[in-house]
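# Observations on the three-dimensional arrangement
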Amino acid sequence: MGISDRKKLAENLAFWTFRMLSFSVIALLFTILGFILYNGLSVISWDFITKMPEDGMTKGGIYPAIIGTLCLIGGSIIVAFPIGIMSGIYINEYTKKGFFRNFIQLMTANLSGIPSIVFGLFGMSLFVNQLGFGDSILAGSLTLGLLVLPIVIRTTEESLKAIDNSFRYASLALGASKLQTIARVTLPMALPNIITGLILSIGRVSGETAPILFTVAAYFLPKLPTSVFDQVMALPYHLYVISTSGTNITESRAMAYGTAVVLILIVLILNLVASALRKYLINKHKIN
Amino acid sequence: MFVKKYLNKIIEGLLLISSTVTTITVLLIVFFLFREGSSLFNEVPIEGENIILLNSSNKVDHLSVENIKDIFDQKITHWNELGGKNDSIILFSLNNFKSYFSEEELGANYEHLSYKIDSLIQVNPAIIAVISKNYYTNNKNSKIIPINKISLSDFIFGKGWFPTSNPAIQVGALPLILGTLMVSLLAILIALPIGLATAIYMAEVANSKMRNVLKPVIELLAGIPSVVYGFFGLIVIVPAIQSWFGLPVGETALAGSLILAIMALPTIITVSEDAIRNTPRSVKEASLALGATRWQTIVRVTLPYSLSGISAAAILGIGRAIGETMAVLMVTGNAAVIPTSIFEPVRTIPATIAAELGEAPHGGIHYKALFGLGCVLFIITLVINLWVEAISRKRRYK
């Protein structure tokens, strides 16, 4: 066997190993998804989605948890999206390379690295106790909103950065002000990418448990919220409760599978929508 | 025109303010976390407003918090174990005073209680009494055992986490810190080879079709909520570990590490793929032109070139693993002891906060200790973030 044969063999062996390991990552995802969907899809029914939990959360549905999670998604969108998008615009369009931009980017990176349980502690200390909101949708939404804020900022920043400067110069050369250029040219062009990122950040909000443990989540509350100062049940916390500390863990197992399926379906659908949108927009731009 | 100019200024002002929100949030987190956390060090580790009294003839003058806990847990039963006389220790606390005194003796409003306690201590040289400060009368029959406030080293290096024990509270975070590090490092050891291989495959080997399959797969892995990972771990991985290794319980450090490894994969893959892809084409082509195979080019050129990015990926992965709460809480069994084996239950810092904060009375030692843990976690992740930022900044200017 010649040297080049041996080199070729080593290369094939290495590449084959890499391929197998990559496939194992794919297999891992499908195992987890498949296992939960296989065991849980049969639990999903109209009643499961629209009924209150019954019999110590072993029967009935998860309606209040779904509504609670929707409230938290809505609340954190209101908190994070406007501030995040405006912040992203300012960082990319107004600041120059230098200390100020570096500092803000560093702080944003730091914020995104803070563990979610620390957000929970912070939210409890500031919103629940200091400001006196109590365990409420308001406190939970503010905590979750601050948690996803760095994601929204970075998405906006990256999307704006991807737009060629020639568009900005063209607009400015036509006599438009800087703000007009942003509102009429830069932002509309970046919007599709921004929206894709925002959709994915909604997935993050819907699945977070640690930040809502001490700011909003209720163990068992079979009624719907009437104001932002009410507690709610939430899907991820509900799954945690009925799979670890419910009154009857084995009997509520089916409910747990069902809740996990709903959580996974939310993430799956959001990802599909985001990637479909991305594909559609890429194609659209190619034709243009 | 004037109004418009004004409006522009306002909008630009709003944009500027928005950009400072993250900085303000970080500062607020630091303030609130450390305000509650640092107040732990003003506390004496004794439950309530209590003091510890001994008979003044007792030779023992100092007791550590561990000693007091052992005495009341009846692990230490004789004073000679602590350097005193060979007397069996008599425990007295306000929980059991009714077995010593009758209602009549104490009076309707317990007005004679202080006096009674005093005489009880006087006649029992081997007594240790835990009483409220209010019932203490200063005299020669008894002496107060001085207890120091909780110090930083008690907290960081203390080996016992017993935040609810009575009368002596221990808030040693060492078992939790070690548990967190062990579970996270093992997770990265498992995830790094797989993640790196996948990253190399995606960046250098796979065709665009395979890449288009792998990319959404990794995005989905990153998108699955941690509580769902925890649920999967609880139902699949925990029983599997229990039966494979023949363990009494499957909720072990290993189960936590496996789940964390899966959860760290997306971070490791995306960051290191990015680093590998940033290797300049010219460098790789130079290697290929010299007759190196693609594999040799990857090992000798691409990987060394992207090493700092790959290390950033590993560090970032560790950071994510250290901060992960729910999945770990659900599968590691949560025993607050210093870990000795990966087949035993452990408890991490985030899991402790999540499990205990709900039951800790607001403003108590336990509550403050949990915020202290939050500070430890915050500092660890901040160091990791700054480290990663420094690495990637160096790369950018290279």
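Cut-offs and rules
- Residues numbered from 1 in each chain as written.
- Chains lettered and ligands numbered in written order.
- Predicted model: local features only at pLDDT ≥ 70, side-chain atom pairs only at ≥ 80, totals over all residues.
- Heavy atoms only, no water.
- Helix = DSSP H or I, 4+ residues; strand = E, 2+ residues; numbered from the N terminus.
- Buried < 20%, exposed > 50% of the residue type's maximum accessible area, 1.4 Å probe, protein only.
- Core = buried A, V, L, I, M, F, W, Y, C linked by side-chain atoms within 4.5 Å.
- Contact = heavy atoms within 4.5 Å.
- Axes fitted to C-alpha atoms, helices over the stretch in contact; angles between N-to-C directions.
- Parallel < 35°, antiparallel > 145°, perpendicular 65-115°, else oblique.
- Left-handed = near helix turned anticlockwise from the far one by under 90°.
- Nonpolar A, V, L, I, M, F, W, Y, C, P; charged D, E, K, R; others polar.
- Salt bridge = Lys/Arg side-chain N within 4 Å of Asp/Glu carboxyl O.
- Polar contact = N/O pair within 3.5 Å; in protein donor to acceptor, adjacent residues only side chain to side chain.
- Phe/Tyr/Trp six-rings, centres within 6.5 Å; stacked < 30°, edge-to-face > 60°.
- Lys NZ or Arg CZ within 6 Å of the ring centre and 35° of its normal.
- pLDDT = per-residue confidence, 0-100.

### What about the environment of B:A286?
Residues and elements named next belong to chain B. Inspection of the secondary structure assignment puts A286 in helix α11 (residues 281–289). Take A286: its relative accessible area is 40%, and that puts it in the partly exposed class. In this structure, the C-alpha to C-alpha distance between A286 and I322, residues 36 residues apart in sequence, is 41 Å.

### Topic: the nonpolar core
Within the largest apolar cluster, 177 residues are counted, with the highest numbers of intra-cluster contacts made by A:I36, A:I117, B:I29, B:V171, B:Y229, B:F231 and B:L373. If you tally residues by element for this core, the top one is helix α7 (residues 174–205) of chain B, at 14 residues. In contact with B:I29, not counting residues within four places along its chain, are A:L111, A:I114, A:V118, A:F119, A:F122 and B:F378. Membership of the second largest hydrophobic core comes to 19 residues, among which are B:I52, B:W79, B:I89 and B:A168.

### Description of the packing of α7(B) against helix α12 (residues 294–305) of chain B
All names here are of chain B. Viewed as axis vectors pointing N to C, α7 and α12 meet at an angle of 110 degrees, and their least axial separation amounts to 12 Å. Accordingly, the angle class assigned to the pair α7 and α12 is roughly perpendicular. Read as a crossing pair, α7 and α12 show a hand that is right-handed. Mapping the contact onto sequence places I200, E204 and V205 in α7 and R294, I298, T302 and L303 in α12. Residue composition of the contact of α7 with α12, by class: four nonpolar, one polar and two charged.

### Re the interface of chain B and chain A
Of the residues lining the interface, 79 residues belong to chain B; the matching set on chain A comes to 78 residues. Summed over the shared surface of chain B and chain A, the result is zero salt bridges. At the boundary of chain B with chain A, the tally comes to nine residue pairs in polar contact (both at pLDDT 80 or more). Here the element with the most residues in the side of chain B that touches chain A is helix α16 (residues 365–397) of chain B; it accounts for 13 residues. Residue classes in the side of chain B that touches chain A are distributed as 52 nonpolar, 18 polar and nine charged.

### Section: the packing of aromatic side chains
A ring pair, where both rings are aromatic, is described by two values, the distance of the centres and the angle of the planes. All chains considered together, the criterion is met by 17 aromatic pairs over all chains. Consider the rings of A:Y237 and A:Y240, whose centres lie 6.2 Å apart with planes at 35 degrees: the pair is tilted. With A:Y237 and A:Y240 both in helix α9 (residues 235–245), this residue pair falls three residues apart, about one helical turn. The same class applies to A:Y237 and to A:Y240, which are both buried. Ring centres of B:F34 and B:F378 lie 6.2 Å apart, and the angle between their planes is 80 degrees; this geometry places the pair in the edge-to-face category. Taken as a pair, B:F34 in helix α2 (residues 21–38) and B:F378 in helix α16 lie far apart in primary sequence, 344 residues in all. A residue is classified by how much of its surface remains accessible, and B:F34, at 29% relative accessible area, is partly exposed. A connected cluster of aromatic rings, assembled from ring pairs, spans A:F122, A:F127, A:F133, A:F229, B:F31 and B:F32. Positioned over the ring face of A:Y94 is A:K178, at 4.7 Å from the centre of the ring.

### What to know about the confidence of the model for chain B
Predicted coordinates in areas of low pLDDT are best not read in detail. Looking at chain B as a whole, its pLDDT mean stands at 87, while 98% of the residues score no less than 70. On the interface metric, ipTM, the complex scores 0.92, and its pTM is 0.90.

### Describing the packing of α7(B) against helix α8 (residues 208–223) of chain B
Helix-helix packing is characterised by the crossing angle of the two axes and by the distance between the axes. Residues and elements named next belong to chain B. At a minimum axis distance of 9 Å, the contact between α7 and α8 shows a crossing angle of 140 degrees. For the element pair α7 / α8, the angle class is oblique. Considering how the two elements wind past one another, α7 and α8 form a crossing that is left-handed. Here T198, Y201, M202 and A203 of α7 lie close against α8, whose contacting residues are M210, R211, L214, K215 and I218. When its residues are assigned to classes, the contact of α7 with α8 shows six nonpolar, one polar and two charged.

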